[in-house]
Amino acid sequence: MSAIVGARPALRHRLAERGIDRQLLLLLPAALFVVTLFIYPFLYGVGLSFQPTRGGTLGAYREFFTDAYLRDTIFTTLRLSLPAALLNVLASVPIAYRMRGRFRAKRLLTTLLVVPITLGTVLTAQGLLNFLGPTGWFNRTLLSAGLVDAPVRLTNNYWGVFFSLVITGFPFAFLLVLSYLSGIDPSLERAAATLGAGRWQRFRRITLPLLAPGLATTFCLTFVLAFSVFPSAVLVGDPAGTTRVMSIAAYDAAYVRYDYPLASAVAVLMGLVELLVIAAVLGWRALLYTGSTAGGKG
Amino acid sequence: MSFETLRLDGVSRSFGGHEALAGLDLTIKRGEFIALLGPSGCGKSTALNCLAGLLPLTRGSIWQDGARLDVLPPERRGFGMVFQNYALFPHLSVRKNIAFGLQMRRVPRAEIRRRVDEALRLVHLEEHAGKLPGQLSGGQQQRVAIARAVVLEPALVLMDEPLSNLDAKLRLEMRTEIRRLHQSLGLTTVYVTHDQEEALSLADRLVVLRAGRVQQIGTPEQLHTEPANWHVADFMGYRNLLPLRAGPRDGTGIVVEFEGHRLTGTPVGDPAPGDEVIAGIRPEDLRIGPAGGPGVPAGSPGVAAGGPEVAAGSPEVPVGGAGVPATVEVVEYQGREVAVEARTDGGVALNLRTTDRPAIGDRITVSVEPRRLLVFPAGGAT
């Protein structure tokens, strides 16, 4: 009797308690998909970057960092993607804050704000060229109003790409921030109001601290989107100069110079820079309160 | 900060054409404990939110002594509020939650510390001061919410069903706690609840609401013994509400006929003979006698049919007509007493309480004193 009580449960039972059972096999197709279409090409690329035609194992990386034309793409990309991501997040907060309640036409307004996602970068670029270009409506209005003497250059330079990143990135940021905000118990602000907190203090002391972790996550996602910008950097940017981002450098290396190892090295470095920024942001996020945003039971 | 009277003058609130609160008139004196009582959707929480300033009024006004209050935003009214879900700031420690209102009022740091310590002591949470609300139990969270509201020494404390999320035992403890705080701090409290027992035990005065309208305002005793209409009676524990037809007046009493038995009751309002009325009786006011009632001559209307319990009582006590025979169907154990559901021969279920232990299927006779049988006009509510 005591032997039975003391016996360890069957192996299968013990594994099941740790979540290992035959249902795990259902994961197999998805795992296979990820391995063949993501992990293998990724590792292949990393391997390729260490097999340059000249300069030894680290030759491609050395070339990247010694060539200023290549090296500076890091800063060019960061100069575009960091402010764009920051603006997207910061602009989303007040708009989402105003829109978290229920009101008439909320759905219509949300749709309008989110539509740019569906347009795609190329259509956005075309719109930008038509609107902000040297002969676009914007400049023609300024000129005819006598506000400027010559067209303001807003496309085919830094600003064209920046606008494009904001137009395509804002809807993502807005939707994320709106859902984070909706998750914050509205009775918290009401409680703060009865305790004497004015509008700004309620936001600053209650809502913002609870929203901050979500803002960090939102920033990371929009940053990654903006960092890998390629089409708009070419179409509305200045791909040979101020908007020569890393993805253009990688494209050049691969399809103009046919230097696949160098292109792979650029791609790997892109990933590393992104990881560094994300690690910094998430490190800051870890310092914040990230628990429940409900006010109690119920 | 404090006031002598707070006057609600025709306070009304509509939501998209639906009137959630219609013309609430109420004067609250300093130090009073007022309970707003009613079923869900009766407008009691609406009234509280209007008082707090969280909902603008559709009509009416609120006056604190001579000053008009309903035009002020919530942060400038100086009322403390305890929310149903506590609404504690999840990212702030217990101490910071309680200090929040004092910080908003720019109270000096040393005084904040002293007053928060005092509030923590008041609700017995000294050792939890550094914890986040999520680490506390429901009862502890509720105490933090109360401390956060009363630390400001507000002119008025508003409580929105603060005990509804607690389990039964804790609810009783916190109920006493709230009443104790109200007395010891000299607070003025408006308390919203749907639990009549809670309201009766806590409040100095009760306001019973139904469908946005005031049904009755009075002391617990007034509401308990003299409900103004059958809706209030329903809420005050008159579980037996029998739709009957009014008979002739009998002195100050009124005769109603129930399944061929003439019962004498006390009229509330002015039901005329022939009117449809509702007879209300508390379960504990129904008396049980053994079967055999129908056998007793109807010539002894003053005495219930020979039940030993009734017969043993004072013979001067008039009993509302002869006993009504019924069969015991359900017996619920409730400690010293049992709750019995008995069905009359006419098929009407009666709820009663007794210290006897009737068995299921027993034949009994049920009777009631005239002053314990209230006869309301069937329309009743305003």
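Source: prediction; values computed, not measured.

### Topic: the overall build of chain B
Along the backbone of chain B there are 9 helices and 20 strands. Considered along the principal axes of its C-alpha atoms, chain B spans approximately 80 × 45 × 35 Å. Counting all 382 residues of chain B, 45% fall into the buried class. Long-range pairs, those at least 24 residues apart, make up 65% of the contacts in chain B with a sequence separation of at least 6.

### A word on the overall build of chain A
Summing up its helical and strand segments, chain A has 14 helices and 0 strands in all. Listing every helix and strand of chain A by position from the N terminus yields α-α-α-α-α-α-α-α-α-α-α-α-α-α. For chain A, the C-alpha radius of gyration of 25 Å lies well beyond 19 Å, the compact-globule estimate for 298 residues. Referenced to the eigenvectors of the C-alpha coordinate spread, the extents of chain A come out at roughly 100 × 70 × 30 Å. A buried classification covers 34% of the 298 residues belonging to chain A. Sequence-distant contacts, at least 24 apart, represent 76% of the contacts inside chain A between residues at least 6 apart.

### Focus: the interface of chain A and chain B
Listed by partner, the interface residues are 24 residues for chain A and 25 residues for chain B. Going through the elements one at a time, α10 (186-194) and α11 (199-227) of chain A are the ones with two or more residues in the side of chain A that touches chain B. Sort the elements by how many residues they give to the side of chain A that touches chain B and α10 of chain A lands first, with 6 residues. Here the side of chain A that touches chain B is composed, by residue class, of 10 nonpolar, 11 polar and 3 charged.

### Things to note about the sheet that holds strand β6 (residues 79-82) of chain B
Residues and elements named next belong to chain B. Overall, mixed pairing links the 6 strands, which are arranged β6-β7-β8-β3-β9-β10 in an open sheet. At either end of the open sheet lies a strand with only one pairing partner, and these are β6 and β10 (213-218). Neighbour-to-neighbour, the strand axes of this sheet turn through a mean angle of 15°, independent of strand direction. Of the pairings in the sheet, the one linking strand β3 (residues 33-37) to strand β8 (residues 189-193) comprises 5 bridges and is parallel in character. From the neighbouring strand, Ile-34 faces β8, where its bridge partner is Val-190. Across the sheet, helix α4 (residues 138-150) lies against β6 and β7 (156-160), angled at about 175° from β6, the strand it touches most.

### What to know about the pairing of strand β13 (residues 261-267) of chain B
All names here are of chain B. Counted residue by residue, β13 has 5 buried out of 7 residues, so it is predominantly covered. By the bridge criterion, 5 bridges tie strand β12 (residues 253-258) to β13 in an arrangement that is antiparallel. Residue pairing in the sheet places Val-255 in a bridge with Thr-264 of β13. Linking β12 back to β13 in an antiparallel pair, the connection comprises 2 residues, with Glu-259 at a positive phi of about 50°. Bridging between β13 and strand β20 (residues 374-377) involves 2 bridges; their strand directions are parallel. Residue pairing across strands places Thr-266 opposite Leu-374, the latter belonging to β20.

### Some words on the confidence of the model for chain B
Should pLDDT be low for a region, the predicted coordinates there are not to be read in detail. All names here are of chain B. Looking at chain B, the pLDDT average stands at 86 and 91% of residues meet or exceed 70. Low pLDDT (under 50) marks residues 293-320, which in the prediction has 56 contacts with non-local residues, meaning those over four places away or in another chain. Scoring the predicted complex yields pTM 0.80 and, for the interface, ipTM 0.80.

### Describing the packing of α11 of chain A against helix α14 (residues 260-286) of chain A
Residues and elements named next belong to chain A. The interhelical angle for the contact between α11 and α14, taken along N-to-C directions, is 175°, at an axis separation of 9 Å. Compared by their axis directions, α11 and α14 come out roughly antiparallel. On the side of α11, the interface is formed by Pro-213, Ala-216, Phe-219, Cys-220, Phe-223, Val-224 and Phe-227, while α14 contributes Glu-274, Val-277, Ile-278, Val-281, Leu-282, Trp-284 and Arg-285. Considering only residue class, the contact of α11 with α14 consists of 12 nonpolar, no polar and 2 charged.

### Re the sheet that holds strand β5 (residues 67-68) of chain B
All names here are of chain B. Pairing is antiparallel in the open sheet, where 4 strands are placed in the order β2-β1-β4-β5. Edge positions in the open sheet fall to β2 (18-29) and β5, since each of these has one partner strand only. Bridge count for strand β4 (residues 59-64) against β5 is 2 bridges, and the pairing is antiparallel. Residue pairing for β5: Gln-64 is matched across the bridge by Ala-67. The sheet strands contacting helix α1 (residues 44-52) are β1 (5-15), β2 and β4, and the helix crosses β2 at an angle near 60°.

Cut-offs and rules
Residues numbered from 1 in each chain as written. Chains lettered and ligands numbered in written order. Predicted model: local features only at pLDDT ≥ 70, side-chain atom pairs only at ≥ 80, totals over all residues. Helix = DSSP H or I, 4+ residues; strand = E, 2+ residues; numbered from the N terminus. Buried ≥ 20, exposed ≤ 12 C-beta atoms within 10 Å, placed from the backbone. Contact = placed C-beta atoms within 7 Å. Rg over C-alpha atoms; globule rule 2.2 N^0.38 Å. Nonpolar A, V, L, I, M, F, W, Y, C, P; charged D, E, K, R; others polar. Pairing = 2+ DSSP bridges. Axes fitted to C-alpha atoms, helices over the stretch in contact; angles between N-to-C directions. pLDDT = per-residue confidence, 0-100. Parallel < 35°, antiparallel > 145°, perpendicular 65-115°, else oblique.

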